[in-house]
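# A structural walkthrough
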Amino acid sequence: VQGLFIFGDSALDAGQNTYIPGSRIMSAVPPYGKSYFDKPTGRWTDGRTIGDFLAQALGLPLLPPYLRPGANFSSGVNFASAGAGLLDETNAHQGVVSMKQQLHQFRNVIDGYKRVKGADSTTQFLKSSIAMFSIGANDIANNAPGNSLLFQEMLETYSNAIQEIYNLGIKYIVLLLAPPLGCTPNLRSLSAQSRNTNLTPEGCVGGINSIINYYNTQVQNLAIKIHNDYRDLNIVTLNPTTVVLTILSNPDKYGFKEAEKACCGGGPFNAAEFCADYQQSVCSNPKDYLYFDSNHFTE
């Protein structure tokens, strides 16, 4: 594998929003980044994202965000933007890069490769590169409870994005499915305040997790359909919900001392206040925690 291209939301964002003037969804502040980078990088965790781990496993450098001035794109680019969704209107006024805009940025990068490498070398480079996606959770969070028309529009946009990536030359695609939002400290806190009784055995908010499960199933079906349509496209899905629910059923077994509260934040479940405003109360060892802030996992 020669390159990696990352698209999506805060699960994979490496600091893209930091370079958007006026963005309201940014994490380039302490204590984010404290465990691995010793400084904030714009990632929504204490260290690396799953996209970073994939890059390192492939022997590639950590990919720069597209908007970082003077960045080296020779091994790929990270287009992911915290708060972004499949739908253009998702957090549109918060200063994020939508899926459509991320694809536009990708086309610009390819044009740059062609100018430097030439068309043939660019084609070979893309053919031996991987694209990774994590997208859809923000659309659901902003529109819950979901409706069938919303899902239809989301899945059409996702399908078009995957097909465009394929048509531009990528033959390996990884789809990171949506996490169980109902298990986040944020939703646990809101649920406790509203005295919601529709909880799963793990204490998660059942309603939104059902919507997430439905969406993930639709994306898995989409991946199967697209693979059948394009036999030379290798496409896989990764489902974090299975992993999270397994951990929640027995945190100690998997090395976690706290799987419900956030490592950083304030109020119930440490989820009522923005992590960066509570730096003095950040946990001493994030590895003991499943969640770093109210919505995002630790490294």
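The structure under discussion appears in the preceding block.
Here goes a summary of the coordinates provided.

Analysis parameters
Residues numbered from 1 in each chain as written. Predicted model: local features only at pLDDT ≥ 70, side-chain atom pairs only at ≥ 80, totals over all residues. Heavy atoms only, no water. Disulfide = S-S within 2.5 Å. Helix = DSSP H or I, 4+ residues; strand = E, 2+ residues; numbered from the N terminus. Buried < 20%, exposed > 50% of the residue type's maximum accessible area, 1.4 Å probe, protein only. Contact = heavy atoms within 4.5 Å. Core = buried A, V, L, I, M, F, W, Y, C linked by side-chain atoms within 4.5 Å. Expected span 1.5 Å × (residues − 1). Phe/Tyr/Trp six-rings, centres within 6.5 Å; stacked < 30°, edge-to-face > 60°. Lys NZ or Arg CZ within 6 Å of the ring centre and 35° of its normal. Pairing = 2+ DSSP bridges. Salt bridge = Lys/Arg side-chain N within 4 Å of Asp/Glu carboxyl O.

## Some words on the state of the cysteines
As enumerated under the stated definition, the model contains three disulfides in all. The disulfide partner of cysteine 183 is cysteine 204, and the S-S distance across this bridge is 2.1 Å. Handedness here is read from the sign of the S-S torsion; for cysteine 183 and cysteine 204, about 105°, the answer is right-handed. Residue cysteine 183 is located in the loop between strand 4 (172-176) and helix 6 (185-193), and its partner cysteine 204 is located in the loop between helix 6 and helix 7 (206-229); the two are separated by 21 residues in the primary sequence. For the pair shown, cysteine 183 and cysteine 204 are each scored as buried.

## Section: the environment of serine 189
Positionally, serine 189 belongs in helix 6. Along the sequence, serine 189 and alanine 271 sit 82 residues apart, while their C-alpha atoms lie 6.4 Å from each other. Contact partners of serine 189, with chain neighbours within four places excluded, come to Pro268, Phe269 and Ala271.

## Here's the deal with the nonpolar core
Core analysis: the largest hydrophobic core is formed by 50 residues, its most contacted members being Phe5, Phe7, Phe133, Tyr158, Ile173 and Tyr215. Counting residues per element, the ones that place at least two in this core are strand 1 (3-8), helix 2 (99-117), helix 3 (119-127), strand 3 (129-134), helix 4 (137-143), helix 5 (148-167), strand 4 and helix 7. Of the residues forming this core, the biggest block, nine residues, is contributed by helix 5. Beyond its immediate chain neighbours, meaning those up to four positions away, isoleucine 173 contacts Ala131, Phe133, Ile162, Ile165, Leu233, Asn234, Ile235 and Val236. In terms of nonpolar packing, the next biggest core, distinct from the first, is built from 12 residues, Ile25, Trp44, Cys283 and Phe292 among them.

## Focus on the environment of threonine 123
Its place among the elements puts threonine 123 in helix 3. Along the primary structure threonine 123 and threonine 241 are separated by 118 residues, whereas in three dimensions their C-alpha atoms are 35 Å apart.

## Here's the deal with helix 2
Its 19 residues give helix 2 an end-to-end C-alpha distance of 26 Å, which sits within 8% of 27 Å, the value for a rise of 1.5 Å per residue. For helix 2, the full list of buried residues reads Met99, Gln102, Leu103, Gln105, Phe106, Val109, Ile110, Gly112 and Tyr113. Where helix 2 is buried, its residues contact strand 1, strand 2 (76-78), helix 3, strand 3 and helix 5. One or two positions beyond helix 2, positive phi appears at glycine 118, with a value near 95°.

## As for the packing of aromatic side chains
Scanning all chains against the criterion turns up 20 aromatic pairs. An angle of 70° between the planes, with centres 5.6 Å apart, marks the rings of tyrosine 32 and phenylalanine 292 as edge-to-face. With a gap of 260 residues between them, tyrosine 32 in the loop between strand 1 and helix 1 (50-57) and phenylalanine 292 in the segment after strand 7 (289-291) connect regions that are remote in the sequence. For the pair tyrosine 32 and phenylalanine 292, one class covers both residues: buried. Ring pairing ties together the aromatic residues Phe5, Phe7, Tyr66, Phe73, Phe79, Phe106, Tyr113, Phe125, Phe133 and Tyr158, which thus form one cluster. Looking at lysine 117, its charged tip hangs above the ring of phenylalanine 125, at a distance of 4.0 Å from the centre.

## Quick look at the pairing of strand 1
For a regular strand, side-chain orientation follows a simple rule: the groups alternate between the two sheet faces. For strand 1, the buried fraction is high: six of the six residues fall into the buried class. Neither face of strand 1 is exposed, since Gly3, Phe5 and Phe7 on one face and Leu4, Ile6 and Gly8 on the opposite face are all buried. Where strand 1 and strand 3 come together, six bridges link them in parallel fashion. Bridging across to strand 3, phenylalanine 7 finds its partner in phenylalanine 133. Pairing of strand 1 with strand 2, which is carried by three bridges, proceeds in the parallel orientation.

## Regarding helix 6
All buried positions along helix 6 are accounted for by Pro185, Leu187, Arg188, Ser189 and Ser191. Buried residues along helix 6 sit against helix 8 (240-249), strand 6 (258-262) and strand 7. Arginine 195 sits one or two positions beyond helix 6 and adopts a positive phi of about 55°.

## So, unusual backbone geometry
Across the junction of proline 30 and proline 31, the peptide omega takes the value 5°, indicating a cis bond. Along the polypeptide, proline 31 turns up in the loop between strand 1 and helix 1. The backbone of asparagine 91 sits at a positive phi, close to 55°, despite the residue not being glycine. Inspection of the secondary structure assignment puts asparagine 91 in the loop between strand 2 and helix 2.

## A look at the side chain of threonine 241
With respect to the element layout, threonine 241 can be found in helix 8. Ignoring any residue separated from it by four or fewer positions in sequence, one finds threonine 241 in contact with Ala178, Pro179, Pro180, Ile212, Asn213 and Asn216.

## Looking at the pattern of salt bridges
Where charged atoms from two side chains of opposite charge approach closely, those side chains can pair. Overall, the coordinates contain seven salt bridges when judged by the stated rule. As a salt-bridge pair, aspartate 52 and arginine 43 come within 2.6 Å of each other at their nearest N and O atoms. A salt bridge links glutamate 260 to arginine 188; the nearest nitrogen and oxygen atoms lie 3.8 Å apart. With glutamate 260 in strand 6 and arginine 188 in helix 6, the pair connects residues that are 72 residues apart, well separated along the chain.

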